[in-house]
Amino acid sequence: MSSRISTYRGVEISSEEMKAGRYLLTDYETELRYSWSSGVAIGRFLAGLKKAEVWGRRCDRCKRVLVPPRMYCELCFRPNDHWVRLGDTGRVNTYSVSHVNADASRREEPIVVAVIEIDRASPGMGILHLIGEASPDHVRIGMPVKAVWRDADERTGAITDIRYFRPSSHGER
Ligand SMILES: [Zn+2]
């Protein structure tokens, strides 16, 4: 009994056929577009960034403020309660000095990528961002930092509305 599968089974291309170019090759460019729903919490967070504001969600039961925000408290197993506007200062939770770009090519100058705990948000969570205006040798865990924002007409409601975080002194906080 013959089946459709065996009727249309593929045939392996041999090395000789590859070298001789005896196969069908179609060259084309794709334009892949997609949309990503940010969800209620991150949508509100990004809208805040466009206005140079940092917002978190507070859970009244465990008293935590979540940044980046989410609508549900994973410790209390319940929806959390309200929005809280925070400042644009924080501390370095952890960091890494990178000598390569996202495509693994080597950089002339290293960049410092850090997790920033926003002040008044609960510790142990934060936003991943760049550290600027600081030599990698001077970045420390716990170092106070402040956001450097793009100009209002450049902000799009993205995490890159903050250019980077720079070292700050307590007087600025
Ligand atoms: Zn909670």
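What counts and how
- Residues numbered from 1 in each chain as written.
- Predicted model: local features only at pLDDT ≥ 70, side-chain atom pairs only at ≥ 80, totals over all residues.
- Helix = DSSP H or I, 4+ residues; strand = E, 2+ residues; numbered from the N terminus.
- Rg over C-alpha atoms; globule rule 2.2 N^0.38 Å.
- Contact = placed C-beta atoms within 7 Å.
- Pairing = 2+ DSSP bridges.
- Axes fitted to C-alpha atoms, helices over the stretch in contact; angles between N-to-C directions.
- Expected span 1.5 Å × (residues − 1).
- pLDDT = per-residue confidence, 0-100.
- Core = buried A, V, L, I, M, F, W, Y, C linked by C-beta atoms within 7 Å.
- Buried ≥ 20, exposed ≤ 12 C-beta atoms within 10 Å, placed from the backbone.

1. Side note on the overall build of the protein chain
Then, in step 1: A count of helical and extended segments in the protein chain gives three helices and 10 strands.
Then, in step 2: Reading the protein chain from its N terminus to its C terminus gives the helix and strand order α-α-α-β-β-β-β-β-β-β-β-β-β.
Then, in step 3: Its C-alpha atoms give the protein chain a radius of gyration of 25 Å, more than 25% over the compact-globule value 16 Å for 173 residues.
Then, in step 4: C-alpha atoms of the protein chain, sized along the principal axes, occupy 80 × 45 × 35 Å.
Then, in step 5: Sequence-distant contacts, at least 24 apart, represent 52% of the contacts inside the protein chain between residues at least 6 apart.

2. Quick word on the sheet that holds strand 2 (residues 65-66)
Then, in step 1: If you trace the three strands from one edge of the open sheet to the other, you get 2-1-5, paired in antiparallel fashion. Both edges of this open sheet fall to strand 2 and strand 5 (82-86), since each of them pairs with a single strand only.
Then, in step 2: Taken strand by strand, helix 3 (residues 39-50) contacts strand 1 (54-58) and strand 5, and its axis lies near 150 degrees from that of strand 1.

3. Some remarks on the environment of A134
Then, in step 1: Structurally, A134 can be placed in the loop between strand 8 (127-131) and strand 9 (144-149).
Then, in step 2: On a C-alpha basis, the gap between A134 and F165 in space is 9.5 Å, while along the polypeptide they are 31 residues apart.

4. Quick word on helix 3
Then, in step 1: Across its 12 residues, helix 3 extends 16 Å between first and last C-alpha, which sits within 8% of the 16 Å expected from 1.5 Å per residue.
Then, in step 2: One or two steps after helix 3, the chain reaches A52, where phi turns positive at roughly 60 degrees.

5. Here's the deal with the confidence of the model for the protein chain
The predicted structure's coordinates, where accompanied by low pLDDT, should not be read in detail.
Then, in step 1: Summary statistics for the protein chain give a mean pLDDT of 91 and a share of 94% for residues scoring 70 or more.
Then, in step 2: Per-element averaging of pLDDT across the protein chain places helix 1 (residues 4-7) at the bottom with 62 and strand 10 (residues 162-167) at the top with 98.

6. Looking at the nonpolar core
Then, in step 1: With 19 residues, the main nonpolar core has V67, A114, I116 and I131 as its most contacted residues.
Then, in step 2: Secondary structure elements with two or more residues in this core: helix 3, strand 1, strand 6 (89-100), strand 7 (106-118), strand 8, strand 9 and strand 10.
Then, in step 3: Of all the elements, strand 7 adds the most residues to this core, at four residues.
Then, in step 4: Once residues within four sequence positions are removed from consideration, V67 is found in contact with V54, G56, L86, I118, A121, M125, G126 and I127.

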